[in-house]
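Chain residues, written in single-letter form:
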Amino acid sequence: MPTSYRISFRILALTLFLAPLFFVPGGAVSLGNAKSLLLILGILAAAATFFAEFLRRKEFSLPRHHLVYAVLLLPIVYLLSSLLSTPSSLSLLGYNFEVGTFGSILLGALTLFLASATLSESSRALQATLALFGSLAILALFATVKILSGGSFLVLGNFVGSMANPVGNWTDLAVAMGLLATLSMLALGMLPMKSSFKALLWGLFLLSTALLAVIHFAPAFILTLAASVFAFLYFSRVENGFYFSHSQGEREGKGRSGGFLSNPALMPVVLGIVSLLFLVNPALPGGRTAGDTLSGAFGVSNAEIHPTLATTLSISKSVLSQRSLFGSGPNTFTNDWLIYKPADINTTRFWAVEFPFGAGFVATQVAATGVVGSILWLAFFVLLLALAAKALGNIPESRAARFTMISALTVSLFLWAASFLYVPSLALFTVAFAFTGAFLAACRAAGFLPSWNARFAEVPGRPVTAFFAVICVCGAVFLGWTELERTLAAFHYGRAASLANMPGTAVASVEAELMKAVKFAPLDSYYLALSQLNFSKAQIAASSATGTPEANRAAFEESLGRSIQAARAAVAANPASYGNWIALGNIYAALVPDPLKIEGSYESAEYAYNEAFKRNPANPELPLLLAGLELSRGNVADARSYIRSSLALKDNYAEAYVLLARLESAAKNTSAAIASAEKVAELLPEDVGIHFELGVLKYSAGDYAGAAASLEQALKLSPDYANAKYYLALSLAQMGRKDEALALLDGLKAANPSSPDLDAAIQSLSARNTAKK
């Protein structure tokens, strides 16, 4: 069947080509939304076309291997896990089909199915590989321009900074460059080509290797080092035997001619040395490492922070102790992290970071999908490695067939190995599934993998077939329509953010865009933005000096009601998010003290804060919010208790010491207030306000030398801080340094000629100096 499923193959190949590159210029739609929309619509279009061709041909075939069954089971397990999680919507589709959601797994499984069914010929597999290669080559040129221009060129509304790129994060760019270098290495070592094409391949290889070194992502070097070792062994032990064997010996031997640069082993050696060098990353004279020196020379600075593997597995163990079979649900690692993170994380500067993934995609799936999902992923990788070993023992003699099999295997293993080391973008994640399918198709074409054939002698009209067709069509329409709605919602949300930052924009215009976003996609993030906007409107109405009191009160009550309603909608959309509960609690907490003092607000705020604490029990911010709530009622004892609870969670939490200092100062416990303020100044040495407050506290306690020291530190940080100069002058005067004090006051007088306090202070100091003389 040389022309079977030709159209669906072309759509699939075009989608794979565009996946790493696609974006919407101008930034009207975020890169993630644009990428998801392309992949979903492209893969669904290919699937719909495949189904239409199947109805016409009444037959199709797939490689028959347990790996296919494992992949087809993945969406089922993810669906069950999603339905058992809270909220299900976060696990099913996420905010935008994030990697690890049921939607992304379903998309990947469908991609593998289409690739294994349509790439049945070597020519098609070559075209798919060429599409990926061309896409990565364009990406390399884009990244080169961005880095050399310092990020100022090719911004296009999406790409701010030298590392911004269409494929995803800077980590994805590094992996993509490693993959491009690997594909260049395989093509030059296995395919005959003219000298001009060899030069082009060498250029792309050197460019991608250089970009890999400049970006400096350690997991990418691990992958390219492994790929270079594999390529070196394959070229020397397997591929080399085909050049002078049987009737192809002379032709393939000529294909290798071209001198030293055409030696297949050269590229693996170069890539291996570069990978090993930057993986070891030795220190150079001056103290900087080789990687930092090279990256710094191009103005590139990257850092990736994620939980360690041990911490990830520890959290997974805690999750599985509660929900062993299907885990906490796909795309819920952030919630797991907040509940089960180690206590010593609060001693680091990452205490408030909400990690969406652990140490790589695969490790994160243990907690997400439980024992069932973990076993299925383990089976998938074991079956893939077993099939890879079988393929290496059954290398076809045809050069094209060899290249398609080895390149598909290499891309597949490269990207799946990457998923153990980091979390790939949706584009690279989908490409991994696609080339796993291509590898299955190549194994079937090589003859050592049987086919599973599906044939229908009649036009589908029987009940089972009709039901299956309806389910597939409805599912495809649902996924496509949902992603389109979410893209439109993101567009309107982005419009609202842009309008909010434009001076003179009417609040009603911003609210209208947010309402459209909520209409298209009722996500908690959109509801929160709408709630905050209406709460701001309520505050403006409450403090308005224009209009009648009745009109202001009506506007206040209307805006407040909408704010509470939107916050409750956010909680309903995602009750697992502690941030949604905090937002709701903050609204009620603002209604507790005078002059608003609305009955029932305290109880509602307390309930919301406690619900937030259940979802993030190690966060020191939450006891502090409860302390503020108690203070609004004048309950100092309970407020002090909550502050102690906050400091028990994080003993260097500056905000807790600030509140404690103010509480003690209000209670006239000056010495305790000073002790708290000194702790804050130690924790926040660059905070001008803290040094000023500490100086004022010490001045009121009669410690004039200590006050002067704190106020001088404040002036070092902010030389024009008038209040700090004033209190410093008073402190110096009390210390007997009246001339210095008078000079400071005279300087303040020049800037504030009508200040009675300055006049009184200057007259007092001048009188003392005159009396002394």
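The structure we're discussing is the one just above.
Description of the structure in this document.

What counts and how
Note on numbering: residues in each chain are counted from 1, in written sequence order. Local features are withheld for residues below a pLDDT of 70 in this predicted model, meaning they are given only at 70 or higher, and side-chain atom pairs are given and counted only at 80 or more; totals for whole chains, interfaces and linings count all residues. Note that the side-chain values use all heavy atoms of the structure and ignore hydrogens as well as water. Here, nonpolar core refers to any group of buried Ala, Val, Leu, Ile, Met, Phe, Trp, Tyr and Cys residues whose side-chain atoms link them within 4.5 Å. In this scheme, a residue with accessible area under 20% of its type's maximum is buried, one over 50% is exposed, and one in between is partly exposed, where area comes from a 1.4 Å probe on protein chains only. Only heavy atoms enter the contact rule, under which two residues are in contact if any of them lie within 4.5 Å. Secondary structure elements follow DSSP: runs of H or I no shorter than four residues count as helices, runs of E no shorter than two count as strands, and numbering proceeds from the N terminus. A helix is expected to reach a length of 1.5 Å times the quantity of its residues less one. Patch definition: residues with relative accessible area over 30% and no salt bridge; like charges joined within 9 Å; nonpolar side chains (Val, Leu, Ile, Met, Phe, Trp, Tyr) joined within 5 Å. The Shrake-Rupley method, run with a 1.4 Å probe, gives the accessible areas here. Residue values count only the displayed protein chains as cover. For salt bridges, the criterion is a side-chain nitrogen of Lys or Arg within 4 Å of an Asp or Glu carboxyl oxygen. Each Phe, Tyr or Trp ring (for Trp, its six-membered ring) is paired with any other whose centre lies within 6.5 Å, and the angle between the two planes then decides the class: stacked below 30 degrees, edge-to-face above 60, tilted in between. The rule is short: NZ of Lys or CZ of Arg within 6 Å of the ring centre and within 35 degrees of the ring normal puts a charge over the ring.

**A short note on the nonpolar core**
- The biggest cluster of nonpolar side chains holds 130 residues, and the ones touching the most others in it are V175, M177, F361, W377, W416 and F439.
- For F439, the residues in contact, after removing those within four places along its chain, are L384, L387, A388, A391, M405, A408 and L409.
- Within the second largest apolar cluster, 33 residues are counted, among which are I315, F556, I587 and A608.

**Comments concerning helix 16 (residues 399-421)**
- A rise of 1.5 Å per residue sets the reference length of helix 16, with its 23 residues, at 33 Å; its end C-alpha atoms lie 33 Å apart and thus fit the reference within 8%.
- In terms of burial, helix 16 is a largely internal element, 18 of the 23 residues being buried.

**Some thoughts on unusual backbone geometry**
- Of note, the bond from T86 into P87 is cis; its omega dihedral lies within 30 degrees of zero at -5°.
- In this structure, P87 sits in the loop between helix 3 (66-83) and helix 4 (88-92).
- The peptide bond linking D594 to P595 adopts the cis configuration, its omega dihedral lying at 5°.
- With respect to the helices, strands and loops of the structure, P595 is situated in the loop between helix 22 (578-590) and helix 23 (601-615).
- Positive phi, normally seen in glycine, also occurs at N281, with a value near 55°.

**A closer look at a nonpolar patch on the surface**
- There is a patch of nonpolar side chains on the surface, built from V229, F232, L233, V269 and I273 and spanning about 410 Å² of accessible area.
- Sort the elements by how many residues they give to the nonpolar patch and helix 9 (residues 218-243) lands first, with three residues.
- Among the structural elements, V269 can be located in helix 11 (residues 266-280).
- Overall, V269 belongs to the partly exposed group, its relative accessible area being 37%.

**Things to note about the packing of aromatic side chains**
- Tallied over the full model, the rule gives 35 aromatic pairs.
- Here the aromatic rings of Y699 and Y727 are separated by 6.0 Å at their centres, their planes lie at 75°, and the arrangement is edge-to-face. Here Y727 lies in helix 30 (residues 722-734) and Y699 lies in helix 28 (residues 688-700), a separation of 28 residues in the sequence.
- Summarising the aromatic geometry, the rings of Y726 and Y727 are spaced 5.5 Å apart at their centres and angled 85° between planes, so their arrangement reads as edge-to-face.
- Here the aromatic cluster, defined as three or more aromatic residues joined through ring pairs, consists of F361, W377, F380, F381, W416, F420, F429 and F433.
- Just above the ring of Y602 sits the side chain of R633; from NZ or CZ to the centre is 3.9 Å.

**Considering helix 26 (residues 654-666)**
- Between its first and last C-alpha, helix 26 extends 18 Å over 13 residues, near the 18 Å set by a 1.5 Å rise per residue.
- Listed as buried for helix 26 are A654, A656, Y657, V658, L659, L660, A661, L663 and E664.
- At the C-terminal side of helix 26, K668 shows a positive phi close to 65°.

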